[in-house]
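The lines below spell out each chain.
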Amino acid sequence: GQSLEQPSEVTAVEGAIVQINCTYQTSGFYGLSWYQQHDGGAPTFLSYNALDGLEETGRFSSFLSRSDSYGYLLLQELQMKDSASYFCAVGKSTFGDGTTLTVKP
Amino acid sequence: GAVVSQHPSRVICKSGTSVKIECRSLDFQATTMFWYRQFPKQSLMLMATSNEGSKATYEQGVEKDKFLINHASLTLSTLTVTSAHPEDSSFYICSASPPHSYEQYFGPGTRLTVT
């Protein structure tokens, strides 16, 4: 079977840095994706890691370690609009349960 | 980025009726599209993979006769919820990826309420 584990909730203050971890167990692995979903909206693609290392896109970065079956999403200079749910995913079929990020002033 | 549209955004129907949801890739062709459902505060559950010109591939536990999928063109896939019941009330989301891209683009979703 396939499963991904991520924390259910994270809280941080504006301007801070937050890291959302994701560990996975999959029978086949081609890469780890991250999505953001605001309440009532659809997911939007944030990043994809196929190889080990850090991928940086503006304030968001994503890291992957294939040997550890582990990845994380790093959000810097947090803004109120970053309050949302964040999902890690493997392929098109397996999503984590999501991490609700609350950014406080 | 690529755009995927979905229609309608909201629909309320009576129990026993059927509802059709359309998913379109607006600026790219998609031989494959994906249909998900999502209950409040839960993750996305893949229901089926829609394949242009051939039958859809359904995930385990998803009734193919209840959730009819048609992918008649490279830019349009439809999901029909047949004989809807209140337990079918959910948020239905489609997605597609441009050719040779790992990025997955989601439609805005359809909130279905069955009364």
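Novice: Account for the nonpolar core, with residues named and values stated.
Specialist: Membership of the largest hydrophobic core comes to 25 residues, with the highest contact counts inside it found for B:Val4, B:Trp35, B:Phe67, B:Leu79, B:Tyr92 and B:Leu112. Every element with two or more residues in this core is listed here: strand 2 (10-13), strand 3 (19-25), strand 4 (32-38), strand 5 (45-51), strand 7 (67-73), strand 8 (76-81), strand 9 (90-96) and strand 11 (110-114) of chain B. In this structure, A:Ala12, A:Cys22, A:Trp34 and A:Tyr86 belong to the second largest nonpolar core, which totals 22 residues.

Novice: Give me the layout of surface pockets: which residues, what numbers.
Specialist: Taken as a whole, the largest pocket spans an internal volume of roughly 500 Å³. Residue lining of the largest pocket: 23 residues in total, with A:Gln37, A:Asp39, A:Ser85, B:Lys41 and B:Gln42 positioned closest to the centre. For the lining of the largest pocket, the secondary-structure elements that each account for two or more residues are strand 9 (84-90) and strand 11 (99-104) of chain A. Considering every element that reaches the lining of the largest pocket, the biggest residue donor is strand 9 of chain A, with three residues. Taken together, the residues of the lining of the largest pocket sort by class into six nonpolar, twelve polar and five charged. Lining the second largest pocket are 15 residues; nearest its centre among them are A:Tyr30, A:Gly31, A:Val90, A:Gly91 and A:Lys92. The residue inventory of the lining of the second largest pocket, partitioned by class, reads six nonpolar, eight polar and one charged.

Novice: Quick one: what's the story with the interface of chain A and chain B, residue by residue and with numbers?
Specialist: Chain A puts 15 residues into the contact, and the matching count from chain B is 19 residues. Taking both sides of the interface into account, the surface hidden between chain A and chain B amounts to around 1,400 Å²; carbon and sulfur atoms contribute 62%. The interface formed by chain A and chain B includes zero salt bridges. Taken together, chain A and chain B are joined by four residue pairs in polar contact (both at pLDDT 80 or more). Of the residues that constitute the side of chain A that touches chain B, the class distribution is seven nonpolar, five polar and three charged.

Cut-off values and rules
Residues numbered from 1 in each chain as written. Chains lettered and ligands numbered in written order. Predicted model: local features only at pLDDT ≥ 70, side-chain atom pairs only at ≥ 80, totals over all residues. Heavy atoms only, no water. Core = buried A, V, L, I, M, F, W, Y, C linked by side-chain atoms within 4.5 Å. Buried < 20%, exposed > 50% of the residue type's maximum accessible area, 1.4 Å probe, protein only. Helix = DSSP H or I, 4+ residues; strand = E, 2+ residues; numbered from the N terminus. 1 Å grid on protein atoms, 1.4 Å probe; cavity = no way out; pocket = protein on both sides within 12 Å on 5 of 7 lines; lining within 4 Å. Points joined across faces, edges and corners; volume = space filled by probe spheres on them. Nonpolar A, V, L, I, M, F, W, Y, C, P; charged D, E, K, R; others polar. Contact = heavy atoms within 4.5 Å. Buried area = accessible area lost by both parts, 1.4 Å probe. Salt bridge = Lys/Arg side-chain N within 4 Å of Asp/Glu carboxyl O. Polar contact = N/O pair within 3.5 Å; in protein donor to acceptor, adjacent residues only side chain to side chain.

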